[in-house]
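# Coordinate inspection notes
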Amino acid sequence: MATVDWTADANEALTLSLVRAEEDKQVLGGEETYEEFHPTFTYPIYGEDEKIYGYQDLVIDLRFTSGSLVQYLSVRYAQKLDASTTVDNVEGILKEFIPSDYDTDEAAFFTRVREDAVSFKPIGSVINTYTRPVPSTSGSRSATGEVVEYEVYHATWNDPGFREYHRRMQIFILLYIEAGSYINEDDDAWHFFVLYEKRKRQNGTKTYHFIGYSSVYKFYCFPEKHRLRLSQFVIVPPYQHQGHGSELYKTIYNYALITPLISELTVEDPAEAFEDLRDRNDLRMLLANENFMKEGFSNEAVSHGGGKVQKRKTRARANPMGASSGMVKGTGKMGPPIDKAWSETFRTQLKMAGRQWQRLMEMLILMHLNPTDIQAARAYRLQVKERLYRFNFEILAQLEKEERLEKLEETFQSLREDYLRILEMIK
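Residues numbered from 1 in each chain as written. Predicted model: local features only at pLDDT ≥ 70, side-chain atom pairs only at ≥ 80, totals over all residues. Heavy atoms only, no water.

## Details of the nonpolar core
Put simply, the rule is: Residues enter a nonpolar core if they are buried and are Ala, Val, Leu, Ile, Met, Phe, Trp, Tyr or Cys, with the set joined through side-chain atoms within 4.5 Å. Buried means the residue's accessible area, taken with a 1.4 Å probe over protein chains only, is under 20% of the maximum for its type, while exposed means over 50%, and partly exposed covers the values in between. The helix count covers DSSP runs of H or I at least four residues long, the strand count covers runs of E at least two residues long, and both are numbered beginning at the N terminus. We call two residues in contact whenever any of their non-hydrogen atoms come within 4.5 Å of each other.
By size, the foremost hydrophobic cluster in this structure holds 109 residues, and its most contacted members are Ile60, Phe210 and Phe292. Here this core takes seven residues from helix H12 (residues 354-368), the largest share from any one element. Residues in contact with Phe292, not counting those within four places in the same chain, are Leu286, Met334, Trp342, Phe346, Trp357, Met361 and Leu364. One finds Val19, Ala21, Tyr72 and Ala117 within the second-largest nonpolar core, a separate group that totals six residues.

What follows is the structure, encoded as structure tokens:
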């Protein structure tokens, strides 16, 4: 007789949906779907193993109204184990992490979906908008020229109703950010940037639908300014890999850039995927900065709106293989080695964190480095290794000189490969 397995994978059992009113579903493209997706993590809720014991064919159905994020929860299963002391209390555990006013009546929830679709308006002030072509019913872009609008709102605890709204959306932090946790509502230093889709119905009415958000902490920076530390950043799965994360990040960065009393935007312990997103957008911003590129690379390169940088054509004789071209270093401030005072001036103006700025400079120099220029390649290698040595000083200082040099070279080569991977993304 086969043994019955009473253990369920919590990530598979938990099903999430952003539910739209029927009038909003009528204008969706053929491949657009915002229902029945799953979390990446559930260990903050159901434990490190992400397992739930005591059920067969378990389904935890957690739905949200697509804009106001009012929740509906239903727990279904084919069979439940009788031994109540060892069976996990699925709803009892989950309800500790969501507002207590969630619906359990499906009909009442659908009524709320219809009502909130029309009445819900984002909280805070809109600080950025952008558009995308309307997907057609076949999944391709619409040929009508119509667009979908997207808006980013800036909010704080002082905005009426936002504290309650935040309690509804914060569960996405637990479900999609590794080591994510809820923040302290009593701390007034938090700022929030929330992204919405603004979609037009067939009758012309526009409704809002939640896409994701970021929480940013403002802390004092001597003598009279503040730093912004990007702490949490999430785009829900139905909207991922469509460029919305980049739009949200650029909005936050531009907010910091144009706010006089903010000195710098930093990021708290970024995940690899977010670090890539940040690198891509920061690099494109720098490539599109005409003054920076002209001063950095002098007569060797000019910026073309963030695209590839074109080197000046000459009719000089070619150099033998392996010989220095004699022109890579030129008179540009980027060198290599980089002019540190010039670099720091631009870093301060562009309000970027020190380590991130250094990495970006290293990537841009590598992007323009002539592989036949031995002197420039050596200067670049020494510049990067100097930073790596300072950053890893405590570990490297414990090693013998030969082992230390070997470890530095190994780290440099690994970093160079990663830089080339990132640079390939922005071509």
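We are not done yet, so read on.
## Thoughts on the packing of aromatic side chains
This is how the line gets drawn: Side-chain rings of Phe, Tyr and Trp, where Trp is taken by its six-membered ring, are said to pair if the distance between their centres is within 6.5 Å; with planes under 30 degrees apart they count as stacked, over 60 as edge-to-face, and otherwise as tilted.
Following the criterion strictly, the structure yields 31 aromatic pairs and no others. Between Tyr153 and Tyr208, the ring centres sit 6.4 Å apart and the planes meet at 80°, which makes this aromatic pair edge-to-face. Here Tyr153 is found in strand E9 (residues 147-155), whereas its partner Tyr208 is found in strand E11 (residues 206-221), with 55 residues between them in sequence. Residue Tyr153 is classed as buried on the basis of its relative accessible area of 8%. On the accessibility criterion, Tyr208 (9% relative accessible area) is buried.

## So, the side chain of Arg201
Mapped onto the secondary structure, Arg201 falls in the loop between strand E10 (190-200) and E11. You can call Arg201 buried: its relative accessible area is 9%.

## So, the sheet that holds E10
Pairing between the strands of a sheet is mediated by backbone hydrogen bonds and can be parallel or antiparallel. The following threshold applies: Each pair of strands is called paired provided DSSP finds at least two bridges between the two strands. Only C-alpha atoms enter the line fits that serve as axes; for helices the fit covers just the stretch in contact. Angles between N-to-C directions range over 0 to 180 degrees.
With mixed pairing, the six strands of this open sheet are ordered in space as E8-E9-E10-E11-E12-E13. Edge positions in the sheet fall to strand E8 (125-133) and strand E13 (262-267), since each has one partner strand and no second. In this sheet, neighbouring strand axes are inclined to one another by 25° on average, regardless of whether the strands run parallel or antiparallel. Taken together, the five bridges between strand E12 (residues 225-235) and E13 define a ladder with parallel strand orientation. Within E13, the residue paired with His226 across the bridge is Ile262.

## Some thoughts on H12
This is how the line gets drawn: One less than the residue count of a helix, multiplied by 1.5 Å, gives the span that helix is expected to have.
Across its 15 residues, H12 extends 22 Å between first and last C-alpha, which sits within 8% of the 21 Å expected from 1.5 Å per residue. Taken across its 15 residues, H12 has eleven buried, putting it largely inside the fold. Those residues of H12 that fall on the buried side of the exposure criterion are Gln356, Trp357, Arg359, Leu360, Met361, Glu362, Met363, Leu364, Ile365, Leu366 and His368.

## Overview of the pairing of E10
By the criterion of burial, E10 is predominantly enclosed, with ten of the eleven residues buried. Looking at chain direction, E9 and E10 are connected through seven bridges and run antiparallel. Looking at E10, one finds that Tyr150 is bridged to Glu197. In the sheet, E10 pairs with E11 via eleven bridges, with the strands oriented antiparallel. Directly across from Arg199, in E11, lies its bridge partner Thr207. In this antiparallel pair of consecutive strands, E10 and E11, the connection spans five residues, and Gly204 shows a positive phi of 95°.

## With respect to the pairing of strand E5 (residues 59-65)
Judged by how many residues are buried, E5 sits mostly within the fold: six of seven residues are covered. Both E5 and strand E6 (residues 71-76) contribute to a ladder of six bridges, which runs antiparallel. Within E6, the residue paired with Val59 across the bridge is Arg76. Hairpin connection of E5 to E6: five residues between the antiparallel strands, including Leu69 at a positive phi of 65°.

## Describing the sheet that holds E6
As summarised here, the arrangement of the three strands in space is E2-E5-E6, forming an open sheet in which the pairing is mixed. Strands at the two margins of the open sheet, each flanked by one partner only, are strand E2 (14-19) and E6. Taken pair by pair, the neighbouring strands of this sheet meet at an average axis angle of 15°, ignoring direction. Strands in contact with helix H5 (residues 106-119) are E2, E5 and E6; relative to E5, the strand with the most contacts, it is inclined by about 25°.

Geometric values such as these leave the question of function open.
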